[in-house]
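Analysis of the macromolecular model
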Amino acid sequence: LFIGRGVKVRIYFVRHGKTEWNLARRLQGQKGDSPLLPESYEAIERVHKFLEPIEFDKVLSSPQKRALITADLLTNQSVSTDKRLSEWNFGELEGWFISDAIAKYPKEMHDSRFELDQFDGSVFGAESVSSVLNRFDSLAQDLLNSKMDNVLLVGHGASGTAGMRHLAGFPIAELRSVGGLANNTVTVLESNAGHFDLKIWDKQL
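I will try to describe carefully the structure that is included in this document. All values reported here derive from a predicted model rather than from experimental measurement.

Conventions adopted
- Residues numbered from 1 in each chain as written.
- Predicted model: local features only at pLDDT ≥ 70, side-chain atom pairs only at ≥ 80, totals over all residues.
- Heavy atoms only, no water.
- Core = buried A, V, L, I, M, F, W, Y, C linked by side-chain atoms within 4.5 Å.
- Buried < 20%, exposed > 50% of the residue type's maximum accessible area, 1.4 Å probe, protein only.
- Helix = DSSP H or I, 4+ residues; strand = E, 2+ residues; numbered from the N terminus.
- Pairing = 2+ DSSP bridges.
- Salt bridge = Lys/Arg side-chain N within 4 Å of Asp/Glu carboxyl O.

Quick look at the nonpolar core now. Counting residues in each nonpolar core, the largest one holds 37 residues, and the members touching the most others are I11, W88, L93, L153 and M164. Secondary structure elements with two or more residues in this core: β1 (10–15), α4 (98–104), α6 (129–145), β4 (150–155) and α7 (157–167). If you tally residues by element for this core, the top one is α6, at eight residues. Core analysis: the second largest hydrophobic core is formed by 16 residues, I44, I54, A67 and L152 among them.

If you want it as structure tokens, here you go:
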């Protein structure tokens, strides 16, 4: 349960545009980064048009370049970075092809995508589930304590899926039950008496 000032906050979350490593199915995490694909710029423009009528009180982006570039293109407003929106830290696996990671760590990779309540990636130095969720709790509490109405957050697939579903009240076992957020999609949460209601999930434009 969150404690706020009673002002209704609407969070718009957008996952960054698709990158070369997304296409190649490589883990990017916090340290890895790769350029956006040419097709991503058209997709970002579609999201931009969808968001254009909304007056955002703040635009926050993960500091990872792929998210920051996306955020800059989504709105004409100034963008601030917030490390709490960073992608999940996958430790030594960052930069690996997902197929190689699955081959070496089948249980851990399965759990990271389907059963987060069972996930333990400490063997390769990955960030814990609680660490990721605490980041989003902290950010959400700050937003609720502000006087803002509409906030745009630009982030990532793994951390964003877990974080947004968590804020919407889903238990850890169900954070990945509908899969992960796709690139350039819009998810909307709205605060309601100390919790968040999920209004839009993974909307493709």
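More follows now that the structure is in view.
Of all the eight residues making up strand β5 (residues 185–192), seven are buried; the element is thus mostly covered by neighbouring parts of the structure. For β1 and β5, the ladder comprises five bridges, and the chain directions are antiparallel. The residue bridging Y12 from the neighbouring strand is V188, located in β5. Across seven bridges, the pairing between β5 and strand β6 (residues 195–204) is antiparallel. Residue pairing across strands places V186 opposite K203, the latter belonging to β6.

The next subject is the pattern of salt bridges. In this structure the tally under the stated criterion is eight salt bridges. Note that D111 and K107 form a salt bridge whose closest N and O atoms lie 2.8 Å from each other. On the criterion of helical spacing, the pair formed by D111 and K107 is a turn pair, its members being four residues apart in helix α5 (residues 106–114). In this structure, the salt-bridge partner of E127 is R135, at a minimum N-O distance of 2.9 Å. Pair check on accessibility: E127 and R135 agree, each one buried. Here the salt bridges do not stand alone but share partners, grouping K8, R10 and E190 into one network.

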